[in-house]
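Residue-level listing of the chains:
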Amino acid sequence: MEQRPRRRSWGLLAAIASLIWSVRCAGGIGANWGTQASHLLPPSTVVQMLKDNGIDKVKLFDAEAGPMNALAKTGIQVMVGIPNDMLAGLASDEKAAERWVSKNASKYIDDGVDVRFVAVGNEPFLASYRGSFLRATLPALQNIQAALIAAGLSNQVKVTVPLNADVYESSTGKPSGGDFRADIHDLMLSIVKFLSDNGAPFTVNIYPFISLYDDPNFPVDYAFFDGSSSSIVDGSLTYSNVFDANHDTLVASLWKNGFGNLSIIVGEVGWPTDGDMNANPRTAQRFNQGFLRHISGGNGTPLRPGNVEAYLFSLVDEDEKSIQPGNFERHWGVFSFDGSRKYELNLRPADSNSSSSSLVGAKNVKYLDRKWCVLKSTPNLSDSQIAQSMSYACAKADCTSLGYRTSCGDLDAQGNISYAFNSYYQKNDQGWKECEFSGLGTVTEKDPSTATCKFEIMIDVGGAARPGTTTAVGFGLSMFLYVALPLTLTLA
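These figures come from a predicted structure and were not determined experimentally.

Novice: Hey, could you run me through the overall build of the protein in this one?
Specialist: Along the protein, the regular secondary structure elements total 12 helices and 15 strands. Relative to its full complement of 492 residues, the protein shows a buried share of 53%. Contacts in the protein between residues far apart in sequence, at least 24 positions, make up 74% of those at least 6 positions apart. Summed over its atoms, the accessible surface of the protein is roughly 21200 Å², and 50% of this surface lies on carbon and sulfur atoms.

Novice: How should I be thinking about the pattern of salt bridges in this particular structure?
Specialist: Two side chains with opposite charge may pair up if their charged atoms get near one another. If you walk through the whole model with that rule in mind, you get 18 salt bridges. Here Lys 363 and Asp 52 are joined by a salt bridge, their closest N and O atoms 3.3 Å apart. Of this pair, Lys 363 sits in the loop between strand E13 (309-312) and strand E14 (372-375) while Asp 52 is found in helix H2 (residues 43-52), placing the two residues 311 residues apart along the sequence. Judged by relative accessible area, which is 46%, Lys 363 ranks as partly exposed. Residue classification places Asp 52 among the partly exposed residues on the basis of a relative accessible area of 26%. A salt bridge links Glu 309 to Lys 57; its shortest N-O distance comes to 3.3 Å. Of this pair, Glu 309 sits in strand E13 while Lys 57 sits in strand E2 (residues 57-60), and the two are 252 residues apart along the sequence. A relative accessible area of 7% means that Glu 309 is categorised as buried. One network of salt bridges, in which partners are shared, links Asp 166, Arg 181 and Asp 183.

Novice: Got a minute to help me understand the environment of Glu 436 in this structure?
Specialist: By the secondary structure assignment, Glu 436 is in the loop between helix H12 (413-427) and strand E15 (441-444). The exposure class of Glu 436 is partly exposed, given its relative accessible area of 42%.

Novice: Can you walk me through the state of the cysteines in this structure?
Specialist: By definition, a disulfide links two cysteine residues through a covalent bond between their sulfur atoms. Scanning the entire structure with this criterion turns up three disulfides. Put simply, Cys 394 and Cys 399 are joined by a disulfide, and their sulfur atoms are 2.0 Å apart. Linking Cys 394 and Cys 399, the disulfide has an S-S dihedral of approximately -90° and is accordingly described as left-handed. Each sulfur in the disulfide pair Cys 408 and Cys 453 lies 2.0 Å from the other. Taking the sign of the torsion about the S-S bond as the criterion, the disulfide between Cys 408 and Cys 453, at about 85°, is right-handed. Placement of Cys 408 in the loop between helix H11 (384-396) and H12 and of Cys 453 in the segment after E15 is noted, with a sequence separation of 45 residues between them. Each of the two residues, Cys 408 as well as Cys 453, counts as buried. When the bonded cysteines of the protein are counted from the start of the sequence, the pairing works out to 1-5, 2-3, 4-6.

Novice: I tried to follow unusual backbone geometry on my own but got confused; where do I start?
Specialist: It is generally the case that most residues other than glycine have a negative phi and that most peptide bonds are trans. Along the chain, Phe 313 connects to Ser 314 via a cis peptide bond; the corresponding omega equals 0°. Even without being a glycine, Gln 430 presents a positive backbone phi close to 55°. Relative to the helices and strands, Gln 430 resides in the loop between H12 and E15. On the accessibility criterion, Gln 430 (9% relative accessible area) is buried.

Novice: Any chance you could explain the pairing of E14 here in plain terms?
Specialist: Sheet faces and side chains relate simply in a regular strand, where the side chains alternate between the two faces. Where burial is concerned, the two faces of E14 agree: the one with Trp 372 and Val 374 and the one with Cys 373 and Leu 375 are both buried. Note that E14 and E15 share four bridges and pair antiparallel. Its bridge partner lying in E15, Val 374 is registered against Thr 442.

Calculation notes
Residues numbered from 1 in each chain as written. Predicted model: local features only at pLDDT ≥ 70, side-chain atom pairs only at ≥ 80, totals over all residues. Heavy atoms only, no water. Helix = DSSP H or I, 4+ residues; strand = E, 2+ residues; numbered from the N terminus. Buried < 20%, exposed > 50% of the residue type's maximum accessible area, 1.4 Å probe, protein only. Contact = heavy atoms within 4.5 Å. Areas by Shrake-Rupley, 256 points an atom, 1.4 Å probe, with all protein chains shown as cover. Salt bridge = Lys/Arg side-chain N within 4 Å of Asp/Glu carboxyl O. Disulfide = S-S within 2.5 Å. Pairing = 2+ DSSP bridges.

Below you can see the structure in the form of structure tokens.
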């Protein structure tokens, strides 16, 4: 009983601090900047893209020196991430948390980086992780917060945990029935209380595309923002799109457990452009432009009116992302791997609903020579060596654009093989041995691209060190068709 006045006082102070912080950070669109790619654009080029497109918030998945240094003195607000594999060490060692904050927050802030958030982990409670991070996430969060306080940064920098939308669910199929998942309910309440006590936001990743990808009976129009015949009526509220319904299921979950005023950030939201029948530039433009238009008026969602702070996923494609969830994983970028725009997108749509504004792509990008690796015209396509060579190329490079109703789905057998060979050839910097394939490949200066399928030429990174190649999964190739792997994560 004696502690209650202190807790009320602290809660009031936290609320005031949260209000001041939210005024500084409220609303606006940011972008996720991932670096799981074989050939990366120079960080300075990416930062210039952010500036040219008026993107003033960026979310990083790790405190890599290149991006962090490039963001210094730009005025771009930064959410810097801590990878899941660091959580156990930070959870068990307060000094390790202090070292992390000193190296990755204090140092960069002193250098002029506008760090606003530390994202502790990334979707650590996904079912595919089999509970690996359940015990470490909250203690790591607490230790990072303590380290920020010790460094005198807790008013400027807030902690958060980006969570997949599968941490909550609805018992009724409607937002009002929302609550946190039963198996992690107590843990979620502990995390939510800690965020609330420290004036920090709840960060959630919401992917309507996954809803459509995972359920063949999902109503397509309900994934977008231009009207749906599948609206959900929830009491006095009507939901015409799954984003609002998903978001408000979280809002209801927070209200149900006494934290209805907790700030929410949408850490990831977007639509891929390839790797699935529903992933293409047209549907990506429809979703992203609809989303931006939807939040631009400051109307929020039915249960949470007001500004929505969100980070588009993502800025550029990443050709070394895991494709365990699906082949689309390497195609979330608004820009291609080389910083070229994929479609028109107005990041700040006017009231006229115009979407004619153009994105500004990367400037002064250097490419390798204009040459491609293709299958020789003479081999017998039934030769078992061809299937083995294609399987090897796809496992080491990226064949996610091959498949049913993807951008390269119209290629014939020889085209599929050539695409695989070229992907491997480009990823290995057009090395003179990288187009041999037991004598099956040949280098050509004639572009083999089709009207819908682009045979890429890789960025020239010169003498810069490239990230290590992440081992691709083994491919079950039905002769020449790249087949999507089964989905292992879902969203409400």
